[in-house]
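Chain and residue survey
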Amino acid sequence: MRNVVAVLNQKGGVGKTTTVINIGAYLAKAGKSVLIIDFDPQGNATSGLGLDKHAPVANIYEVVSGKTTIDNAIQTTTIDGLYICMANANLAAAEVELASSNSKEFVLKKALSGVEYDYILIDCPPSLGLLTVNALCASAWLLIPVQAEYYALEGLTQLLDVMQRVKQGPNPDLQLLGVVATMYDNRNSLAQQVYKELQQYFGDSLFKSIVPRNVRLAEAPSYGKAIMEHDKWSKGAKAYKQLTKEVISRVS
Ligand SMILES: Nc1ncnc2c1ncn2[C@@H]1O[C@H](COP(=O)(O)OP(=O)(O)O)[C@@H](O)[C@H]1O
Ligand SMILES: [Mg+2]
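Notes on the structure follow. Each chain has its residues counted from 1, following the order in which its sequence is written. Written order decides the labels, with chains lettered from A and ligands numbered from 1. Only residues with pLDDT of at least 70 are given local features in this predicted model, and only at 80 or more are side-chain atom pairs given and counted; all residues enter the totals for whole chains, interfaces and linings. The side-chain values count all of the structure's non-hydrogen atoms but skip hydrogen atoms and water molecules.

1. Quick notes on the pattern of salt bridges
Rules: By salt bridge we mean one thing: a side-chain nitrogen of Lys or Arg within 4 Å of a carboxyl oxygen of Asp or Glu. For helices the rule is a DSSP run of H or I covering at least 4 residues; for strands it is a run of E covering at least 2, with both sets numbered from the N terminus onward. Burial classification: accessible surface area is computed with a 1.4 Å probe over protein chains only, and a residue below 20% of its type maximum counts as buried, one above 50% as exposed, and the rest as partly exposed.
One pass over the full model with this rule turns up five salt bridges. Of the charged contacts in the structure, one is a salt bridge between Arg216 and Asp231, with a shortest N-O distance of 2.8 Å. In this pair, Arg216 is assigned in helix α9 (residues 215-219) and Asp231 in the loop between α10 (227-230) and α11 (235-251), connecting sequence segments 15 residues apart. Close ionic contact of Arg250 with Glu246 constitutes a salt bridge, the shortest N to O distance being 3.8 Å. Here Arg250 and its partner Glu246 are both found in helix α11, four residues apart, which amounts to about one turn of the helix. Since its relative accessible area comes to 14%, Glu246 is described here as buried.

2. Here we look at the site of ligand 1
Quick note on the threshold: For each residue, the test is whether any non-hydrogen atom lies within 4 Å of the molecule or strand; if one does, the residue is near. N or O atoms closer than or at 3.5 Å make up a polar contact, with two conditions inside protein: a donor-capable atom paired with an acceptor-capable one, and, for residues adjacent in sequence, both atoms drawn from side chains. Values of accessible area rely on a 1.4 Å probe in the Shrake-Rupley scheme; residue burial ignores everything except the protein chains shown. Any residue outside Ala, Val, Leu, Ile, Met, Phe, Trp, Tyr, Cys, Pro, Asp, Glu, Lys and Arg is labelled polar, Gly included; the first ten of those are nonpolar and the last four are charged.
Around ligand 1, 15 residues are found, and the nearest of them are Gly13, Thr17, Thr18, Pro212 and Asn214. Gly13 places a polar main-chain atom, nitrogen or oxygen, 2.7 Å from an oxygen atom of ligand 1. Burial of ligand 1 by the surrounding chains reaches 79%, relative to a free accessible area of 550 Å². Elements supplying a minimum of two residues to the shell around ligand 1: α1 (16-29) and α9. With three residues, α1 is the largest single contributor of residues to the shell around ligand 1. Among the residues making up the shell around ligand 1, the classes are represented as seven nonpolar, six polar and two charged.

3. A few points about the nonpolar core
Rules: As used in this record, nonpolar core signifies buried Ala, Val, Leu, Ile, Met, Phe, Trp, Tyr and Cys residues forming a set joined through side-chain atoms within 4.5 Å. In this analysis, two residues are considered to be in contact whenever any of their non-hydrogen atoms come within 4.5 Å of each other.
Residues Ile37, Phe39, Ile60, Ile70, Leu91 and Ile122 are the most contacted members of the largest nonpolar core, which totals 55 residues. Once residues lying within four places of it in the same chain are set aside, the contact partners of Ile60 are Ile37, Asp38, Phe39, Ile70, Cys85, Met86, Ala87, Leu91 and Leu108. With 38 residues, the next largest nonpolar core counts Trp141, Leu143, Tyr240 and Leu243 among its residues.

4. Overview of the environment of Leu98
Following the sequence through the fold, Leu98 ends up in helix α4 (residues 91-99). Counting along the chain gives 148 residues from Leu98 to Glu246, while the straight-line C-alpha distance between them is 35 Å. Dropping the residues within four chain positions of it, Leu98 is found in contact with Val64, Lys104, Val107, Leu130, Leu131 and Asn134.

5. Considerations on the pairing of strand β7 (residues 175-182)
Condition: One requirement defines pairing of two strands: DSSP has to find at least two bridges between them. Look down the strands so they point away from you; if the path from the first strand over the helix to the second goes clockwise, the crossover is right-handed.
Most of β7 sits inside the fold, with six of its eight residues counted as buried. Alignment of strand β6 (residues 141-147) against β7, held across seven bridges, turns out to be parallel. Bridging from a neighbouring strand, Leu143 pairs with Gly178 of β7. The β-α-β motif built from β6, the intervening helix α7 (residues 156-168) and the parallel element β7 has right-handed crossover chirality.

6. Digging into the packing of aromatic side chains
Quick reminder of the rule: Only the six-membered ring of Trp is used, alongside the rings of Phe and Tyr, when aromatic pairs are assigned; centres must lie within 6.5 Å, and planes under 30 degrees apart are stacked while those over 60 apart are edge-to-face, with the rest tilted. Any Lys NZ or Arg CZ that is within 6 Å of a ring centre and within 35 degrees of that ring's normal is treated as a charge sitting over the ring.
Counted by the stated rule, this structure contains three aromatic pairs. Taken together, a centroid distance of 4.9 Å and an interplanar angle of 75° make the contact between Tyr201 and Phe202 edge-to-face. Accessibility expressed as a relative area gives 52% for Tyr201, which makes it exposed. A relative accessible area of 9% places Phe202 in the buried class. Here the basic side chain of Arg250 rests over the ring of Phe207, its NZ or CZ set 4.0 Å away from the ring centre.

7. Topic: the state of the cysteines
Stated formally: Note that a disulfide, as used here, is simply two cysteine sulfur atoms within 2.5 Å.
Under the defined criterion, the tally for this structure stands at zero disulfides. Cysteine Cys137 is unpaired, with the sulfur of Cys124 as its nearest cysteine sulfur at 11 Å. Cys137 gets classed as buried once you look at its relative accessible area, which sits at 0%.

8. Things to note about the sheet that holds strand β3 (residues 75-76)
Here is the rule: Every axis corresponds to a line fitted to the C-alpha atoms, with the helix fit spanning only the stretch in contact, and the corresponding angles, defined between N-to-C directions, vary from 0 to 180 degrees.
Taken together, seven strands build an open sheet; the order of strands is β3-β4-β2-β5-β1-β6-β7 and the sheet is mixed. The sheet is open, and its two borders are formed by β3 and β7, each paired with just one other strand. Sheet strands touched by α1: β1 (4-7), β2 (34-38), β4 (82-85), β5 (119-123), β6 and β7. Its angle to β5, the strand with the most contacts, is close to 165°. Contacts from α11 reach β5, β6 and β7, with the element oriented near 170° to β7.

And the structure:
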């Protein structure tokens, strides 16, 4: 579980899935083997990589409910070296089912044991429920995307609280990989102010790379593509390429 990264913020629409897809793509391009675990019942990482979330193949729900093993539930993508374990609305049932299982926080960790990739990225659902706790218990690192807008900081205390509780309890190895500002609009003085607050609060944990608000990033998933396939010269692409370099250097 050395290079397992949970990408989490309990708010929806802050750029978790976009971050998972695009860091995953650039890691793969850098020659790493990468497995994305789509751990959100919305299945946006799955569809964003051009896969059909309703395809009749085993997905992460079947894995965590013990119906199959992870090896049977991994799909290739259009990017060499990038693999995904898909999700769809079925996964919502797992939240309830896991609650009654033994060592309910460790179901994902157990499912991933022995799985060998250079990186495993977990796209978390927008909640702090049992699925998310499973993701945190299976991970060495937590990466938090924060939308550079008003209210962005709200909820972060609660998120860091959950991280501390997991560290003090089920997963002492969990560390903050970093916080990344997303959807940043530098014409907006509020965004600049939010960024300054993030700097004050997180110091060196804040990634230097800033992901701008960029229409090419927003449209890429509708083509089922990572930004490096959709428009590799866009500002969004450059930001995620840069962020991936930072991720590699922090992890190693
Ligand atoms: N930097 C960005 N610029 C513009 N749109 C973005 C950016 N990042 C994400 N989006 C879009 O915003 C929406 C929410 O992003 P997403 O990554 O799905 O967030 P989350 O997974 O946290 O819910 C999606 O439609 C996505 O395409
Ligand atoms: Mg998402």
